[in-house]
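Okay, here's what each chain looks like letter by letter:
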Amino acid sequence: MSIQNEIQQLSEQLENYNYQYYVLDEPSVPDAEYDRIFQQLVTLEEQNPTLLLANSPTQKVGGLALSKFEQVTHQLPMLSLDNVFEAAALKDFMARAQDKSTQANIAFCIEPKLDGLAASIIYENGLLVQAATRGDGQTGENVTENVKTIKNLPLKLRGDNIPDLLEVRGEVFMLKAGFDKLNKKLTDAGEKAFVNPRNAAAGSLRQLDSKVAASRPLAFYCYAVGVFDGELPNSQFARIEQLKAWGLPVSEEVKKVTGEQGCLDYYQAISEKRPDLAYEIDGVVYKVDDVALQQTLGFVARAPRWATAYKFPAEEAVTIVENVEFQV
Ligand code: NAD
């Protein structure tokens, strides 16, 4: 097969997986298999830049806003994250960020990579007024009524100096215990169980009937600020602390770390803690802490240059199974 055909075939394969995962909330292969094919395509495109397709899955955010929901245009695009799969690649990422700074030993904000789906939530004058899914990064689905039912998310912020407009971004996910209970309830009722907590969260959030969403054990953690007016600290870690002070839920595992070894130690420590966490994580996200340096580093097509996800190795042997009875 020619390289051009191979690129075409891998792109189509990924598009199909994207449709099943993002639109139907029913993946047909484990994430590790998806990631393997994605990396294969990235490598071929890097080796053959003239063959890069304009609509390649490596150049865009994977989702789609379904027309059954009202559409929301994001004022700032909601992007994906680049991935690394080994310590050497993480070190390269850190070195590239360090090169753009005049300071010695830049700091990184390190966060668990929550395994759910991204949402943008807008507070006006401290009140939750709109929530949307990421969709294709530009346009998401209006899921305000469903998000309002998430129990750990405040409808009203508290504290001082809350911006009149504040968009928080974070992950809607399902606690492991809630997921097990929900699947038992579904199978007892003769209904189809969800493949994993990520798909359960996505399927529950993207319900037209907010009563169904309200009955599902969804939770939310913030990990970023989108648009806002007023003043916010110039540090990712300090921003997370500020969101927490306004009553927004954030993961207790977020840390600010300087130096390569500290970053690798965090990965090791959270890998060991992972089975005991109440929620699923599929890796660690490393973000340049200094927001001004983030702006200098900027973005590539689908992801910021100032952040990367270091994914955990797949937990099980990768097998493609029909009708999605696999664990990831
Ligand atoms: P991603 O999941 O690799 O990374 C981006 C996402 O990470 C963000 O949108 C956000 O939702 C999430 N995230 C969690 N914690 C975060 C934090 N602390 N800070 C910032 N973001 C955080 O990228 P993606 O574009 O959402 O999805 C691609 C991945 O989804 C693939 O690598 C694959 O694992 C999976 N996928 C699987 C299939 C399949 O068929 N199995 C299909 C499509 C995608």
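Residues numbered from 1 in each chain as written. Predicted model: local features only at pLDDT ≥ 70, side-chain atom pairs only at ≥ 80, totals over all residues.

A.B. asks: Just to check I follow, could you spell out the packing of helix α3 (residues 87-99) against helix α9 (residues 260-273) for this structure?
C.D. replies: Each pair of packed helices gets described by two things: the angle between the helix axes and the distance between those axes. At a minimum axis separation of 11 Å, α3 and α9 run at an interaxial angle of 135°. Classified by the angle their axes make, α3 and α9 are oblique. Like other packed secondary-structure pairs, α3 and α9 cross with a definite hand, here right-handed. Contact residues: α3 offers Ala 87, Leu 90, Lys 91 and Met 94, while α9 offers Glu 260, Cys 263 and Leu 264. (Axes fitted to C-alpha atoms, helices over the stretch in contact; angles between N-to-C directions. Helix = DSSP H or I, 4+ residues; strand = E, 2+ residues; numbered from the N terminus. Parallel < 35°, antiparallel > 145°, perpendicular 65-115°, else oblique. Left-handed = near helix turned anticlockwise from the far one by under 90°. Contact = placed C-beta atoms within 7 Å.)

A.B. asks: Is there a simple way to think about the domain arrangement of the protein in this case?
C.D. replies: Where interface size is given, it is often the accessible area lost as the parts come together that is meant. What the domain assignment reports for the protein is domain 1 (1-59) and domain 2 (60-324). Between the C-alpha centres of domain 1 and domain 2 there is a distance of 23 Å. Across the boundary between the two partners, domain 1 contributes 15 residues, which contact 18 residues of domain 2. At the level of secondary structure, the elements contributing two or more residues to the side of domain 1 that touches domain 2 comprise α1 (3-23) and α2 (31-47). Per-element tally for the side of domain 1 that touches domain 2: the top contributor is α2, with 4 residues. (Domains from an automatic or database assignment.)

A.B. asks: Got a minute to help me understand the pairing of strand β4 (residues 117-124) in this structure?
C.D. replies: Consecutive side chains along a regular strand alternate between the two faces of the sheet. Of all 8 residues making up β4, 7 are buried, and the element is well covered by its neighbours. With 8 bridges joining them, β4 and strand β7 (residues 165-174) adopt antiparallel strand pairing. Each residue of the ladder has a partner; that of Glu 124, found in β7, is Leu 165. Linking two consecutive strands that pair antiparallel, namely β4 and strand β5 (residues 127-133), is a turn of 2 residues; a positive phi of about 50° is found at Asn 125 within it. (Buried ≥ 20, exposed ≤ 12 C-beta atoms within 10 Å, placed from the backbone. Pairing = 2+ DSSP bridges.)

A.B. asks: Could you clarify how one ought to interpret the sheet that holds strand β2 (residues 82-84) in this entry?
C.D. replies: Sheet strands associate in pairs through backbone hydrogen bonding, adopting either a parallel or an antiparallel arrangement. Strand order in this open sheet of 5 strands is β2-β11-β10-β3-β9, and the pairing throughout is mixed. Here the strands that pair on one side only, and so sit at the sheet edges, are β2 and β9 (255-258). When strand polarity is set aside, the average angle formed by the axes of neighbouring strands in this sheet is 35°. Here β2 pairs with strand β11 (residues 307-311) via 3 bridges, running parallel. Across the sheet, Asn 83 pairs through a bridge with Ala 309, a residue of β11.

A.B. asks: Would you mind going over the nonpolar core with me for this structure?
C.D. replies: Soluble globular proteins tend to pack their nonpolar side chains together in the buried interior. In this structure, Ala 119, Val 172, Ala 201, Leu 205, Leu 218 and Tyr 286 are the most contacted members of the largest nonpolar core, which totals 59 residues. When residues of this core are assigned to their parent elements, the largest contribution, 7 residues, is made by strand β8 (residues 218-228). With near-sequence residues (within four places) excluded, Leu 218 lies in contact with Ile 150, Val 172, Met 174, Ala 201, Ser 204, Leu 205 and Ala 213. Core analysis: the next-biggest nonpolar cluster, separate from the first, contains 5 residues, Tyr 17, Tyr 21, Tyr 22 and Val 29 among them. (Core = buried A, V, L, I, M, F, W, Y, C linked by C-beta atoms within 7 Å.)

A.B. asks: Sorry if this is basic, but what is going on with the environment of Arg 206 here?
C.D. replies: Position of Arg 206 relative to the elements: it lies in the loop between α6 (197-205) and α7 (210-214). In this structure the C-alpha to C-alpha distance between Arg 206 and Leu 10, which are 196 residues apart in sequence, comes to 28 Å.

A.B. asks: Hey, could you run me through the UniProt feature "active site" (unreviewed entry) in the protein in this one?
C.D. replies: UniProt tags Lys 113 as "active site" (unreviewed entry). Along the chain, the position of Lys 113 falls in strand β3 (residues 107-114). With residues up to four places along the chain from it excluded, the contact list for Lys 113 reads Ile 281, Asp 282, Gly 283, Val 284, Val 285 and Ala 309. (UniProt positions renumbered as here; feature names shortened; annotations may be inferred.)

A.B. asks: Please clarify how the site of the ligand should be interpreted in this entry.
C.D. replies: Taken together, 25 residues sit near the ligand, with Tyr 21, Asp 31, Ser 80, Glu 111 and Ala 118 positioned nearest. Of all the elements in the fold, those that place two or more residues in the shell around the ligand are α1, α2, β3 and β4. For the shell around the ligand, the leading source of residues is α1, giving 4 residues. Here the shell around the ligand is composed, by residue class, of 14 nonpolar, 5 polar and 6 charged. (Near = placed C-beta within 6 Å. Nonpolar A, V, L, I, M, F, W, Y, C, P; charged D, E, K, R; others polar.)

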